[in-house]
Amino acid sequence: TFGITEVGRNTTIISDNAAIAVDEAVYWMGYREFYVYNGRTQKLPCSVLDYVFNDINTAQSDKIVAGANVSFSEVWWFYPSADSTENDRYVVYNYLEKLWFIGNLARTAWLDRGISSLPLAAGTNNFLYNQEVGAQDDGAAMTSFIESGDMSITEGNQFSFISRVIPDINFRETVDTSSMDFIMETKSFPGQADQNSSTNTVSKTSSTPVDQYTNQYFTRLRGRSFTLKLQSTDANVLWRLGVPRVDIRPDGRR
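The structure displayed is predicted, hence computed values, not measured ones. (Residues numbered from 1 in each chain as written. Predicted model: local features only at pLDDT ≥ 70, side-chain atom pairs only at ≥ 80, totals over all residues. Heavy atoms only, no water.)

Side note on the confidence of the model for the chain
Detail in the predicted coordinates should be disregarded across regions flagged by low pLDDT. Averaged over every residue, the pLDDT of the chain is 84; the share at 70 or more is 88%. Across the chain, the secondary-structure element scoring lowest on mean pLDDT is strand S16 (residues 196-203), at 55, and the one scoring highest is strand S6 (residues 74-79), at 97. Scored below 50 in pLDDT, residues 202-212 makes 31 contacts in the model with residues more than four places away or belonging to other chains. (pLDDT = per-residue confidence, 0-100. Helix = DSSP H or I, 4+ residues; strand = E, 2+ residues; numbered from the N terminus. Contact = heavy atoms within 4.5 Å.)

Here it is as structure tokens:
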């Protein structure tokens, strides 16, 4: 005997393939929001909602596809940006840490690991790709980065002075020249362009990346708010971020 039980109302789904079931929950992308069903239907709070839905080609929304990457507790959606007729961007939700992030990648289908040891994905160029392997872009260098939002002390009511950074990076390959950049930028007002920046390279000095790091570096930055960006631009640089520390104190405008 089969029956139908209503579990939610007033929800939308943007395409036939925009839903994915992961760990006893179902996640899907609607026309202006994201949803989850885990015993009850509810909207997912999304910190990148405007970025996604203000620049999406809804005329090609039937191509949007969802996928899961259970090794990292992630749900992916690949979608076409406003100027594209094919999927060229992605938005990811980490359901374990409740974090969102975005990026550019042309994929039209996704199959999580199971039959194969790695996730498989189809590209718009009719190739199949092994995902989550290597640290290069089809043999070329690959830019990978993570960037914070604006950070401040006393809710931005007081200027900050940054004098020292203690990085915490684990390089996970055996290339002696592996390095990445710590980029810090400050500004005085929310709508202002970044005033100045300080970039220091954190280099691995041994083929054993477990315990060989740059200990610290000194800088002089002042502003009402600041951002921190960690970036590598070479091929075969595989890194993992720990907990960097920043020496910061209240400061005047001069």
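With respect to the sheet that holds strand S9 (residues 109-111)
Strand order in the open sheet made by the 3 strands is S9-S10-S11, with antiparallel pairing throughout. At either margin of the open sheet sits one strand with a lone partner, and together these are S9 and strand S11 (128-130). Looking at each pair of strands side by side, their axes are set apart by 20 degrees on average, direction ignored. Direction of pairing for S9 relative to strand S10 (residues 120-122): antiparallel, over a ladder of 3 bridges. The residue bridging Trp110 from the neighbouring strand is Ala121, located in S10. (Pairing = 2+ DSSP bridges. Axes fitted to C-alpha atoms, helices over the stretch in contact; angles between N-to-C directions.)

Describing the pairing of strand S18 (residues 225-232)
Taking burial as the measure, the 8 residues of S18 include 7 buried ones, the bulk of the element. Pairing analysis gives 4 bridges linking strand S12 (residues 144-147) to S18, with the strands arranged antiparallel. Looking at S18, one finds that Glu147 is bridged to Lys229. As paired strands, strand S15 (residues 179-187) and S18 are joined by 7 bridges and run antiparallel to one another. Bridge assignment links Lys187 to a residue of S18, and that residue is Ser225. (Buried < 20%, exposed > 50% of the residue type's maximum accessible area, 1.4 Å probe, protein only.)

Section: the side chain of Arg89
Following the sequence through the fold, Arg89 ends up in strand S7 (residues 89-94). We classify Arg89 as buried; its relative accessible area is 16%. Side-chain polar atoms of Arg89 contact the side chain of Asp55, separated by 2.8 Å. If near-sequence neighbours (up to four positions away) are discounted, Arg89 is found in contact with Tyr51, Asp55, Trp77, Phe78, Tyr79, Ser81, Gly103, Asn104 and Leu105. (Polar contact = N/O pair within 3.5 Å; in protein donor to acceptor, adjacent residues only side chain to side chain.)

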